[in-house]
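Analysis of the macromolecular model
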Amino acid sequence: MRRSGCLVVLPVLVLILPVVLAEYLLPGDVVPKHYDVRLVFDVDPRTNYSFFGVADILLDVKKTTSKIVLHAQEYTVAEDKVVFHGAGDLPAVTSVKLNDTYNFLTLTLNKELVEGSSYRLQIPFYGNLKIGLDGVYISTYVNKKTKLREYLIATQFEAISARKGFPCFDEPIYKATFRLNIGHHEEFTAVSNMPLFNTTKDNALEDVWSWETIAKKFRKDRAHFVWDQFENSVPMSTYLVAFVVSQFSYVESPPELANTKFRIWARSDAIDQTAYAANLGPRVLSHFERWFNVSFPLPKQDMIAIPDFSAGAMENWGLVTYRETALLYDNQQSSFLNKERVAEVIAHELAHQWFGNLVTMKWWSDLWLNEGFATYAASVGVAAVEPGWRADRSYALDNILSVLSLDALESSHPVSVPIDNPKRISEIFDEISYRKGSTIIRMMTMFLGEHVFREAINNYLVKHSYGNAEQDDLWAELTAATQRHGGLSRNVTVKQVMDTWTTQTGYPLLTVTRDYTDNSLTISQKRYLSLGARASSASSWWVPLRVLCEGETQTQQEAGPVQWLAAGEGTRSLHRFEHGAAPDQWVIFNTDMIAPYRVNYDPRNWQLVSRALASGHRAVPVLARVQLLSDALELAWAGRLDYTTALQLTSYLQKETDYLPLSTGLRALAKIENVLKRTPDYGAFQKFVRRLIGETYNRSGGLSSGMILNEDDLISVKMQVTTSSWACRMKVPGCEENAIALFDRWMESPNPDENNPIPLDLRRTVYCVALSRGSVRHWRFALERRRSANVAAARDQLLHALACSRDTWILAQYLEWAITEGSEVRRQDAAAVLAGVTRSTVGYYVAKDFIYDRIQDIYNAFSQGRRIGFIIKTLLDQFTTQKELDQFLVWKQKNEKYLEDARLAVEQGVERARVNIDWLARHRRHVVDRLRDFSSDFPELPYYSSRLNSEGIISTGNTQVIIVVNVMFGILHKTY
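The residue count restarts for each chain, going from 1 along the sequence in the order it is written. Local features in this predicted model are restricted to residues of pLDDT 70 or higher, and side-chain atom pairs are both shown and tallied only at a pLDDT of 80 or more, whereas totals for entire chains, interfaces and linings draw on every residue. Only hydrogens and water are set aside when side-chain values are computed; all heavy atoms of the structure are taken into account.

An unreviewed UniProt entry lists the protein chain under the name Aminopeptidase, with Papilio xuthus given as the organism. UniProt positions are given in the numbering used here, feature names are shortened, and annotations may be inferred rather than shown by experiment. UniProt annotates the protein chain under Catalytic activity (unreviewed entry) with the comment "Release of an N-terminal amino acid, Xaa-|-Yaa- from a peptide, amide or arylamide. Xaa is preferably Ala, but may be most amino acids including Pro (slow action). When a terminal hydrophobic residue is followed by a prolyl residue, the two may be released as an intact Xaa-Pro dipeptide." UniProt annotates the protein chain under Sequence similarities (unreviewed entry) with the comment "Belongs to the peptidase M1 family."

Take a look at the structure:
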């Protein structure tokens, strides 16, 4: 045995599982080498957004065939114009057929294409664009300066919508170069992946689509149209092709910030909101060039804010497209949290320029190679350019906690997930691909060391540049780099370790039982599930172990090598270790949260830990406190730990001054809130939390201060925002009254669109409280402010607040708007509105009926399974009775056709509902009793009296009080 720190480990063995690829793929007999795509658009609703196009594709023949199969969707292929070009005896196209199920465009030829030869295929097409969110689509907005409605063309091709833009081989493995030529009215500007090569007045499609033909649709003079030709691209997958045709403006970043030309595009009336992105973007790009040790390969990088955009952003190579909230920042209207979001998304998308663009997964089964790396690298990029935010730690924590929640469901999926139907690809754009992918990459950097990890990543990127890879290619480079530096302990390979984390669903629960007579402990591992012990005994992992014994420092622990619990160990028999803690000292596993797993201890160790937290919690490292809080409350939720122990441990949060443990504890308690909030026992929960956070709420500034106390400190801002939100929900004395007073002051402002007295980061909480407690007058005031706002972040805060109303007719109207084209709710925001109403205590009943009665209209409005799945999952998460679930299952059976593309999300939602119902049946009475017991152990805030100042706010020590007589609410507000 070898001793390291306080833990000694013993040897063992491995698990390898196969990856199964999908069946619904193109045959691969011919592959594209280069595309010339010529398009001309009329961005005019009067002509129904007509367009014409030609795709000239240079093909390499890999296997002799008389058929060509590629993809096409949502336009008409001019069958009689589909031809081959070039010298010699060329084949003729005898038939053109489109399979709507998989969007296969099959061209039958009169002779075979010869293996090893190349051919140039020309496919003309035409159609009309639609207002939408994917493919090539129309977006619209009202210019705040001119008051005129303006239109633009945007693209969103990931995952399988490039085929909606032009005929193509729309699978990531078919990389090719692209040359785009885009015709448009001279009032517009086109931008694409590559720099502009030239602009001409000549119709670039004249050889196929004469202007005479085009003019019949466009009804416009050719003299007002121009054609922009862009440079040839590097080899890339079809889903990364992008272009935007708009009347936008741009700012160029200072050239000294990067070696690449950097531009930020936005609506002309929002161009003043681009300064932060213009400064941050090139700095992040430059940092990634150094971190990956691979230069950015394109001559320019554009980033553009689209008014209607389904995702947060899209990493199109050289032209990254964003929601406005994810790119634009205004220091007068955007909060600090908005600023953090902008930085995170920019860093995520720029990381994709290497992971996803330069090296692309072979098939969507390995989406995590794109999204997991970009999510992890975002924390690296943000930490480099905004070091005071500690993004490396906070992002890692947020990712791990999200993974531990979703991956505890039987209906979760592996990181590397077999996909047998392209329509299901959208389902895996979820927390497993993004957050679990990121979490296990962080795990690798920690057990390999950053130097080894970065060396391997550089080799991986260089070796597979402009090509495709799968996870085994990554494992090979990581293993090779590790072996050059001495290898891992126990002679295990990276593949052996990592396959247990990527090919299996879920994560392990380690059960640690100490023998207090001989400084030893035993560990068992088993897959953790929210609904109890139904996991297969075959599931086991290579688990990296870091263990801290009381009296040791975190530095001492991290100085030693990572130790391992091997796959297969601790499954059928307990695995024994030695440690260095005395019988009256605690032992804590996973203190740096190196990997996503939970740990349950014997009762005595839990008591030792709980005692340590209560007497001096700073002796326990911050991330260890996070892990303990998350584990204790989740294990109690699942019935593996008594709630008396869990709540006793949690009670130390009264003294917690670090944001990460406090927010983690509240996040775990939110599960209890969710199932009690519509029951008579909610008051007991509120009282417990009220006493838990009351002092911290006041200390952090709360709402009574009327300001952000430490506005330059992101962690301090988060503490104030989080405690304020919870304090108002838990009815901490004065919180809601302060919110209402601040909102009333805003309503009384002579120019509310320019003068808002509510602190930026507190607005979301204040708005929601005011609209939930207010009348229709307050709601309409907020709606009018949203209409007037020119900053997307400000509109977004009000969008969520409008769902806080308790008036059922208002909520019904809001839901109606969400599925009505041209209403107050943009299509990109519709799912957020439905989910926001569904989560509220009053809105839940309105939304449930609306979803059940209007599912066909919702389906037609969204046409994306992922968005419908999000709504249904949100609804199911609110269920607390078997009656509700039974009603849903009957409804689901009748409406399967609308839920077909959301199968995974619906399964996960149903499982979450069962978990809620099961918890209430097993734990409700006991937990409510314990909440009442613990609430009586520490005093609630007293009531004070003092003098009003001129603004209706009074201070007593560290507490401020607002006394407001509000006729609208009909009560005297007394606030502390």
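From this point, things continue past the structure.
Here a helix means four or more residues in a row that DSSP labels H or I, a strand means two or more in a row labelled E, and each is numbered from the N terminus. The helix and strand tally for the protein chain stands at 28 helices and 36 strands. Reported as C-alpha extents along the three principal axes, the dimensions of the protein chain are approximately 90 × 75 × 60 Å. The classification of residues rests on relative accessible area computed with a 1.4 Å probe and restricted to protein chains. Under 20% of the type maximum is buried, over 50% is exposed, and intermediate values are partly exposed. Burial statistics for the protein chain: of 976 residues in total, 64% are counted as buried. Contacts are residue-level and defined by heavy atoms, with any inter-residue pair within 4.5 Å sufficient. Long-range pairs, those at least 24 residues apart, make up 75% of the contacts in the protein chain with a sequence separation of at least 6. In short, Shrake-Rupley with a 1.4 Å probe defines the accessible areas, and a residue's cover is counted only from the protein chains shown. As displayed, the protein chain offers around 35,600 Å² of accessible surface, 48% of which is attributable to carbon and sulfur atoms. The protein chain carries 107 positive and 111 negative side-chain charges, and their two centres are separated by 4 Å. Asp and Glu are treated as the negative residues and Lys and Arg as the positive ones, with His and the ends of the chain left uncounted. For this purpose, a charge sits on NZ of Lys, CZ of Arg, CG of Asp or CD of Glu.

Attention now goes to the state of the cysteines. Note that a disulfide, as used here, is simply two cysteine sulfur atoms within 2.5 Å. Summed over all chains, the structure comprises two disulfides. Here Cys 728 connects covalently by a disulfide to Cys 735, the sulfurs 2.1 Å from one another. Residues Cys 728 and Cys 735 are joined through a disulfide that is left-handed, its torsion about the S-S bond being -85 degrees. In terms of burial, Cys 728 and Cys 735 fall into one category: buried.

With that settled, the discussion passes to the UniProt feature "binding site: substrate" (unreviewed entry) in the protein chain. The positions UniProt marks with the feature "binding site: substrate" (unreviewed entry) are Glu 158, Gly 312, Ala 313, Met 314, Glu 315, Asn 316 and Arg 867. If you trace the backbone, Glu 158 turns up in the loop between β13 (149-156) and β14 (177-185). Using a relative accessible area of 14% as the deciding quantity, one classes Glu 158 as buried. Discounting residues that sit within four places of it in the chain, Glu 158 has contacts with Tyr 239, Met 314, Glu 315, Trp 364, Glu 371 and Phe 429. Position of Met 314 relative to the elements: it lies in strand β22 (residues 313-314).

The next thing to look at is the UniProt feature "domain: Aminopeptidase N-like N-terminal" (unreviewed entry) in the protein chain. Feature annotation in UniProt assigns "domain: Aminopeptidase N-like N-terminal" (unreviewed entry) to the following positions: residues 31-240. Between the C-alpha atoms that bound residues 31-240 there is a distance of 17 Å. The span itself is 4% helix and 50% strand.

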